[in-house]
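One-letter residues, chain by chain:
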Amino acid sequence: MTDRFTECLVKKTPDSNDNLKKILIIIAVIAITAITAFLAFTTGLYLILIITMAVIYGSYYLFKGICVEYEYTFTNGEIDVDKITGQSKRQHLVTLNSKEIEDFGEVNADTPERPDITLFLCSDNTGIGEYYVDFTTEEYGEARLIFTPSDKMVSYIEEALPPILKYKKRNI
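Since this is a predicted model, take the numbers as computed values, not measurements. Numbering of residues starts from 1 in every chain and runs along the sequence as written. Residues qualify for local features only when their pLDDT is at least 70, as the model is predicted, and side-chain atom pairs are given and counted only at 80 or more; totals for whole chains, interfaces and linings, by contrast, use all residues. With hydrogens and water stripped out, all remaining heavy atoms of the structure feed into the side-chain values.

Strand pairing within a sheet occurs via backbone hydrogen bonds; the two strands may be parallel or antiparallel. Spatial ordering of the open sheet is given by 1-2-3-4, a layout of four strands whose pairing is antiparallel. Unpaired on one side and paired on the other, strand 1 (5-11) and strand 4 (89-97) mark the two borders of the sheet. For this sheet, the mean angle separating the axes of adjacent strands, direction not counted, is 15°. Any two strands with at least two DSSP bridges between them are considered paired. Comment: elements are numbered from the N terminus, with helices defined as DSSP H or I runs of at least four residues and strands as E runs of at least two. Two elements, strand 3 (residues 78-85) and strand 4, share eight bridges in a ladder whose sense is antiparallel. Looking at the pairing, aspartate 80 lines up with threonine 95 of strand 4. Its contacts with the sheet place helix 3 (residues 151-160) against strand 1, strand 2 (68-75) and strand 3, and it is angled at close to 130° to strand 1. Lines are fitted to the C-alpha atoms to define the axes, a helix being fitted only along its stretch in contact, and any angle between axes, read from their N-to-C directions, falls within 0 to 180 degrees. In this description, contact between two residues means that some pair of their heavy atoms is separated by no more than 4.5 Å.

Take a look at the structure:
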């Protein structure tokens, strides 16, 4: 068997919550800047302007943290998912082996609902080309990964599925 490796990086499309966070950060920065500038000029304590600079600096990191990307890596039957925040902070979310996969398919109206499981929502947030993987691990119990893999990754995952799932997919 030849080695199978591919990786895919998808950027999460900002939703209304993300846009609201950005607006609130901007409003807070403007308000705090105006208040501290007013206090600095009325009291003569220009040291208060340091607070303004700290707020602006902190808001930059908050603003940058709203930008989220997901990196999926497929290596010989193992899927790794990492979350990258602000293009700098990486957090490993989950690793699963294809032998642990219980169900796999494209997310659509026929996708079975499973509200009682751990959900890893790691897609680009567009609703297009999303796939789900149901699996069970010691760490998370029953879980579902929803993600937006490339076509190459989908084919590699389909190759690595347990035989019973391959048979099931062929006979649907």
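Moving on from the model shown.
Attention now moves to the nonpolar core. Counting residues in hydrophobic clusters, the biggest one holds 27 residues, and the most contacted among them are Tyr72, Ile101, Phe104, Leu145, Phe147 and Ile157. Discounting residues that sit within four places of it in the chain, isoleucine 101 has contacts with Ile79, Leu96, Val133, Asp134, Phe135, Ile157, Leu161, Pro162 and Leu165. Think of a nonpolar core as a cluster: buried Ala, Val, Leu, Ile, Met, Phe, Trp, Tyr and Cys residues, connected wherever their side-chain atoms sit within 4.5 Å. Here's how the labels work: a residue is buried when its accessible area is under 20% of the maximum for its type, exposed when over 50%, partly exposed in between, all with a 1.4 Å probe on protein chains only.

Along the chain, threonine 73 turns up in strand 2. A relative accessible area of 13% means that threonine 73 is categorised as buried. Apart from the residues lying within four places of it in its own chain, the contact partners of threonine 73 are Phe5, Thr6, Glu7, Glu78, Ile79, Asp80 and Met153.

Further remarks concern the side chain of threonine 148. By the element assignment, threonine 148 lies in the loop between strand 8 (141-147) and helix 3. Threonine 148 gets classed as buried once you look at its relative accessible area, which sits at 9%. As used in this structure description, the phrase polar contact means that two N or O atoms lie within 3.5 Å; if the pair is within protein, one of them must be able to donate a hydrogen and the other to accept it, and residues adjacent in sequence are counted only when both atoms belong to side chains. Polar contacts involving the side chain of threonine 148 include one to the main-chain amide nitrogen of aspartate 124, which spans 3.1 Å.

Just distances and angles here, no functional claims.
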